[in-house]
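Listed here are the chains, written in short residue letters.
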Amino acid sequence: MDLRARLTRLLGAENLKFSAEDTARYLTDHRRLYTGKALAVAMPRDVPQVSALLAWCNDAGIGVVPQGGNTGYCGGATPDESGTQVVLSLERLARIRSVDADAQTMVAEAGCVLAQVQGAAASAGCLFPLSLGSEGSCQIGGNLATNAGGTAVLRYGMTRDLTLGLEAVLADGSVVSNLSGLRKDNTGYDLTGLLVGSEGTLGVITAACLKLYPQPRSRACAWIALRDARAAVELLAGLRGALGDRVTTCELVPHVALELVLRHIPEARDPGLSPAAWYLLVEVTAVEEADLDASLERVLAAAAERGIVLDAALARSERQREDFWRLRESVPEAQRAAGGSLKHDVSVPVARVPELIERGAAHVATLAPEGFLVAYGHAGDGNLHFNVNQRPGADAAAFRSRESALKRAIHDLVAEMGGSFSAEHGIGRLKVEELERYAAPSELAAMRAIKHALDPRGILNPGKVLRAARERP
Ligand code: FAD
Ligand code: 2HG
Ligand code: ZN
């Protein structure tokens, strides 16, 4: 019996897709960097089916590529070109199993779309604070597997910080489950912490117990024109000094990105501030009733007196707030509409963000003259998307040919500055060689030992995060 027939006997034809037409959307990543082939796309309906599939693949030595919403930036959810791997889509495991408003916890299955998780929390009067531009299509399983960041990390942390426990299926089909929601539990190694961020290479996450928070009752949001990039760091310090961890969001947007958004996103509205090279989107929130507009205005007025802030607009309605957020959240789409971009998802200590911009911009000018810098993002976390777009009319092939030299210069720069070449998007397939280059040998050896212990036959997302010894030069 051939492999597809055996898979059909195992899972049932209704839980498998084989045809080119049915599988196409699972075989290319969001950025269209990779297109693979697959033996099948499996869509199990419950945990026993995931377990049976993994046990079978482990016995047969078949690679399994877990896939959530397929919005990842590093090709981690795309199978290779061999046609021998099974894509394991979690989309049918999409139940909110429970919400406990008193304990402030929720148990959600991996295939729940992030917006669904946020909505279930809101229906119970709670907040699940993870928030990304892709929240309408990424899945909580994918967020956990990539340890996603987003726009509220400053206040609430990354996905790992929002996770109390996991249910996951290991390579041999065994199930580990810790969905108790305990806030204190020091029994042995932290398997949850290890599986979060492992990008499908150590286990398949089927459900998670997530932390919920009280919903904010007060909120203030501002779009701020800055003196320069250094002013972002100074203003953030002032905001935190005055408002503490009420400061929830601090996102940096350069003028060049605002222009791209206004040109390519029909719904975008110009906030109408005096032009500046850099803007900040700031949001502050509080659980209690508070006049946060007044608090924010005071900090901004003091910053304006010191010349840090050139101009600012406070959102006076929910609609205006949405308009400000759209300007920030639409930057990736606008960049895409403007043509190819060379992306670097990097982080440095927050205080060194301006230095990163200055020194990185000099590399762009010399190493990618066909491009222009669009560096934006989570400045409050020290994380910039140090992206470079092709100049209109520049030669596309010449621009693309700059990719590897520019990547080396930017990644070397962040390494020298004590930063990371992958702040929030992970390693996937795209950055495997970067990990080999920048991780300490002792760390790599420990990671490989963990991989071998949990997945001795190497069936879980082969070639992602770490390469097998036989594939290394
Ligand atoms: P996928 O792309 O399907 O998979 C990502 C990785 O996780 C793959 O390695 C896959 O094998 C693995 N995986 C998926 N599900 C499971 C599972 N159940 N068990 C084990 N492994 C699994 N990312 C950020 O961090 N911050 C941002 O602000 C942000 N903004 C974005 C904005 C836009 C417009 C877009 C398109 C993407 C953005 N991303 C951001 C990137 C992406 O949305 C995140 O990485 C997200 O967490 C991926 O979730 P997904 O469900 O799409 O995962
Ligand atoms: C964001 O913060 C995402 O908008 C996407 O992480 C970043 O497109 C990018 O480079
Ligand atoms: Zn981001």
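Now for a quick tour of the structure. Owing to the predicted nature of the structure, the values given are computational and were not obtained by experimental measurement.

Criteria and cut-off values
Numbering of residues begins from 1 in every chain and follows the order in which that chain's sequence is written. Following the order in which they are written, the chains are lettered starting with A and the ligands numbered starting with 1. Given that the model is predicted, a residue must reach a pLDDT of at least 70 before its local features are reported, and side-chain atom pairs must reach 80 or more before they are shown or counted; all residues, however, enter totals for whole chains, interfaces and linings. Remark: hydrogens and water are excluded; side-chain values derive from all non-hydrogen atoms of the structure. Residue proximity to a molecule or strand is established when one non-hydrogen atom of the residue lies within 4 Å of it. We define a polar contact as two N or O atoms separated by no more than 3.5 Å, with the added condition that, inside protein, one atom must be a possible hydrogen donor and the other a possible acceptor, whereas residues neighbouring each other in sequence contribute only through side-chain atom pairs. Computed with the Shrake-Rupley method and a 1.4 Å probe, the accessible areas treat only the protein chains shown as cover for residues. Secondary structure elements are defined from DSSP: runs of H or I of at least 4 residues count as helices, runs of E of at least 2 residues count as strands, and each element is numbered from the N terminus. By salt bridge we mean one thing: a side-chain nitrogen of Lys or Arg within 4 Å of a carboxyl oxygen of Asp or Glu. Exposure is judged per residue with a 1.4 Å probe applied to protein chains only, and the accessible area is read against the type maximum: over 50% gives exposed, under 20% gives buried, and values in between give partly exposed. Sites may look incomplete, because water is not among the atoms used; the donor set itself consists of N, O and S atoms within 2.8 Å of the metal (3.2 Å for Na, K and Ca). Every axis corresponds to a line fitted to the C-alpha atoms, with the helix fit spanning only the stretch in contact, and the corresponding angles, defined between N-to-C directions, vary from 0 to 180 degrees. Each angle receives one of four descriptions, namely roughly parallel if under 35 degrees, roughly antiparallel if over 145, roughly perpendicular if within 65 to 115, and oblique otherwise. Handedness of each helix crossing follows the sense of rotation of the near helix against the far helix: counterclockwise by less than a right angle gives left-handed, clockwise gives right-handed. Working rule for contacts: check all heavy atoms of both residues, and any pair within 4.5 Å makes them a contact. Under the scheme applied here, ten amino acids are nonpolar (Ala, Val, Leu, Ile, Met, Phe, Trp, Tyr, Cys and Pro), four are charged (Asp, Glu, Lys and Arg), and all others, including Gly, are polar. Under the pairing criterion, centres of Phe, Tyr and Trp rings, with the six-membered ring standing for Trp, must be within 6.5 Å; the plane angle then separates stacked pairs below 30 degrees from edge-to-face pairs above 60, leaving the rest tilted. Whether a charge sits over a ring depends on NZ of Lys or CZ of Arg being within 6 Å of the ring centre and within 35 degrees of the ring normal.

## Some thoughts on the site of ligand 1
Contacts to ligand 1 come from 35 residues, most closely from P66, G68, G69, T71 and S134. Backbone polar atom of N70 to an oxygen atom of ligand 1: 2.9 Å apart, as the coordinates give it. A distance of 2.9 Å separates an oxygen atom of ligand 1 from a polar atom in the side chain of T146. When ligand 1 is considered free in solution it has 980 Å² of accessible area, and contact with the protein chains removes 94% of it. Per-element tally for the shell around ligand 1: the top contributor is helix 5 (residues 140-146), with 5 residues.

## A few points about the pattern of salt bridges
Inspection of every chain in the model, using the stated rule, returns 26 salt bridges. Residue R227 pairs with E234 through a salt bridge whose shortest N-O separation is 3.2 Å. You can call E234 partly exposed: its relative accessible area is 28%. Between R328 and E251 there is a salt bridge, with its nearest N and O atoms 2.7 Å apart. Of the two residues, R328 sits in helix 11 (residues 318-329) while E251 sits in strand 13 (residues 247-254), which places them 77 residues apart along the sequence.

## Some thoughts on the coordination of the zinc ion (ligand 3)
Taken together, H378 (NE2), H385 (NE2) and E424 (OE) make up the protein donors of the zinc ion (ligand 3), found 1.9 to 2.1 Å from the metal. Positions of the donor residues of the zinc ion (ligand 3), expressed as sequence spacing, correspond to H-x6-H-x38-E. Within this pair, whereas H385 is found in strand 19 (residues 383-390), its partner E424 is found in the loop between helix 15 (403-416) and helix 16 (432-438), the two being separated by 39 residues in sequence. Residue H385 is classed as buried on the basis of its relative accessible area, which comes to 6%.

## Structural notes on the packing of helix 8 (residues 229-243) against helix 10 (residues 292-305)
Running from amino to carboxyl end, helix 8 crosses helix 10 at an angle of 140°, the nearest separation of the two axes being 10 Å. As far as their axial angle goes, helix 10 and helix 8 are oblique. Regarding helix 8 and helix 10, the two cross each other, and that crossing is right-handed. Counted together, L235, G238, L239, A242 and L243 of helix 8 and S295, L296, V299, L300 and A303 of helix 10 form the full contact between these two elements.

## Things to note about the site of ligand 2
Within the structure, ligand 2 sits among Y73, R328, P332, K343, Y376, H378, H385, N387, E424 and H425. Between ligand 2 and H378, the relevant distance is 3.0 Å, taken from an oxygen atom to a side-chain nitrogen or oxygen of the residue. In this structure, an oxygen atom belonging to ligand 2 sits 3.0 Å away from a side-chain N or O atom of E424. In the complex, 89% of the free accessible area of ligand 2, which totals 300 Å², lies under the protein chains. Residue composition of the shell around ligand 2, by class: 3 nonpolar, 4 polar and 3 charged.

## Overview of the packing of aromatic side chains
The full count for this structure, using the stated rule, is 4 aromatic pairs. Pairing W223 with Y279 gives two aromatic rings, centres 5.7 Å apart and planes at 25°, and the pair type is stacked. On the criterion of sequence distance, the pair formed by W223 in strand 12 (residues 218-226) and Y279 in strand 14 (residues 278-286) is long-range, its members being 56 residues apart. Each of the two residues, W223 as well as Y279, counts as buried. Summarising the aromatic geometry, the rings of F421 and Y438 are spaced 5.5 Å apart at their centres and angled 35° between planes, so their arrangement reads as tilted. With F421 in the loop between helix 15 and helix 16 and Y438 in helix 16, this residue pair connects regions lying 17 residues apart in the sequence. Three or more aromatic residues joined by ring pairs make a cluster, and in this case those are W223, Y279 and F324. Positioned above the aromatic ring of Y156, the side-chain terminus of R155 is 4.4 Å from the ring centre.

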